[in-house]
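Chains, contacts and geometry: an overview
In case you want the letters, here they are:
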Amino acid sequence: MPPKKMARVTKTAASSDDDSETVSSVKKTAGGKKRTAASVETGHNTESSMSPSSRQYCHWLMKSEPESRFESGVDVKFGIEDLKALPNKTSSWDGVRNYQARNFMRQMQEGQLAFFYHSNCKEPGIAGIIKIVKEAYVDHTQFDKKDVHYDATSKPNNPKWSMVDVQYQRMMKRYLPLSELKKYHLQHRSKGGPLKDMTLFTRARLSVQPLTTEEFDFVLSLEDKDPL
DNA sequence: GCCAACGTTGGC
DNA sequence: GCCAACGTTGGC
């Protein structure tokens, strides 16, 4: 596995958010390569007809920090350019230590797309698009005492944390700053529109989050528009 | 660097 | 199971 992804995340441990694997979905793990993600690529599916808890998402947003920052002496920098520079432009997304974020990763299916979001930097925003190329499997860094995201409370016979593999797809035609997305969010919140409930704003600290097809498509459409 | 928001911990 | 203290996230 590649570098250190970042996906920071709190170090939690048990929590209320279900530690459940159960939650719908999810795949099998490890060998994972199989499974064709059937419905997946179509992008659409049932979202509108399901309750939030059972909804199956097919688009995601994953945060990482493109600028150097040291955590326990280790640089957690990992921007989209760093992903692009790796062999096969692919990396595991390890280090997520938040149950909600983990559960979303466990719902991801091979072939689904995600926005690569740059956080904690000069200009936060969406930098490009990545694809899920391997579904959730055990994040080995949780057992590595040397790793920044080591979790002493997780045991190999019952791992707590998962990761997926992602592959670089492309840069956005233009960088989409958080500030611009926020303007749309506020606008849509008052007058209606696809970004009115976007998780990026309603649960700002979540490092892995879902987007509805409507949200994803709207954000994509901004590439061809002038900045607000 | 500040600090608001919010998830987690742990006493009770 | 409540909730205050604490730690982290991440925009600004």
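Treat the numbers as computed from the prediction; the structure is a model and nothing was measured. (Residues numbered from 1 in each chain as written. Chains lettered and ligands numbered in written order. Predicted model: local features only at pLDDT ≥ 70, side-chain atom pairs only at ≥ 80, totals over all residues. Heavy atoms only, no water.)

Further remarks concern helix 3 (residues 178-191). Compared with the 20 Å implied by 1.5 Å per residue over 14 residues, the 20 Å span of helix 3 between its first and last C-alpha is a close match. For helix 3, every residue scored as buried is listed here: Glu180, Leu181, Tyr184, His185 and His188. The arc enclosing the buried residues of helix 3, seen along the axis, measures out at 145°, which places them on a common side. Facing away from the buried side of helix 3 by over 90 degrees, the exposed positions are Arg189 and Ser190. (Helix = DSSP H or I, 4+ residues; strand = E, 2+ residues; numbered from the N terminus. Expected span 1.5 Å × (residues − 1). Buried < 20%, exposed > 50% of the residue type's maximum accessible area, 1.4 Å probe, protein only. Arc of directions from axis to C-beta.)

Scanning the entire structure with this criterion turns up nine aromatic pairs. Taking 6.4 Å as the distance between ring centres and 40° as the angle between the ring planes, the aromatic pair formed by Phe78 and Phe116 counts as tilted. Taken together, the residues span a long stretch of sequence, with Phe78 in the loop between strand 3 (74-75) and helix 1 (80-84) and Phe116 in strand 5 (residues 113-118) at a distance of 38 residues. Using a relative accessible area of 1% as the deciding quantity, one classes Phe78 as buried. With relative accessibility at 0%, the residue Phe116 sits in the buried group. For the pair Phe115 and Phe216, a centre-to-centre distance of 4.6 Å together with 20° between the ring planes defines the contact as stacked. Remark: Phe216 occurs in helix 5 (residues 213-222) and Phe115 occurs in strand 5; sequence separation between them is 101 residues. As far as burial versus exposure is concerned, Phe115 and Phe216 are alike and both buried. Through a chain of ring-to-ring contacts, three or more aromatic side chains come together here, namely Tyr57, Trp60 and Phe104. (Phe/Tyr/Trp six-rings, centres within 6.5 Å; stacked < 30°, edge-to-face > 60°.)

On the secondary structure map, His188 appears in helix 3. Leave out the neighbours within four places in its chain, and His188 touches Gly193, Pro194, Leu195, Lys196 and Phe218. (Contact = heavy atoms within 4.5 Å.)

If you walk through the whole model with that rule in mind, you get eight salt bridges. With a shortest N-O distance of 2.9 Å, Asp224 and Lys173 are connected by a salt bridge. With Asp224 in the segment after helix 5 and Lys173 in strand 7 (residues 162-177), this residue pair connects regions lying 51 residues apart in the sequence. With relative accessibility at 57%, the residue Asp224 sits in the exposed group. When its relative accessible area of 56% is taken as the criterion, Lys173 is described as exposed. A salt bridge links Lys196 to Asp197; the nearest nitrogen and oxygen atoms lie 3.8 Å apart. (Salt bridge = Lys/Arg side-chain N within 4 Å of Asp/Glu carboxyl O.)

That is the geometry; function is a separate question.
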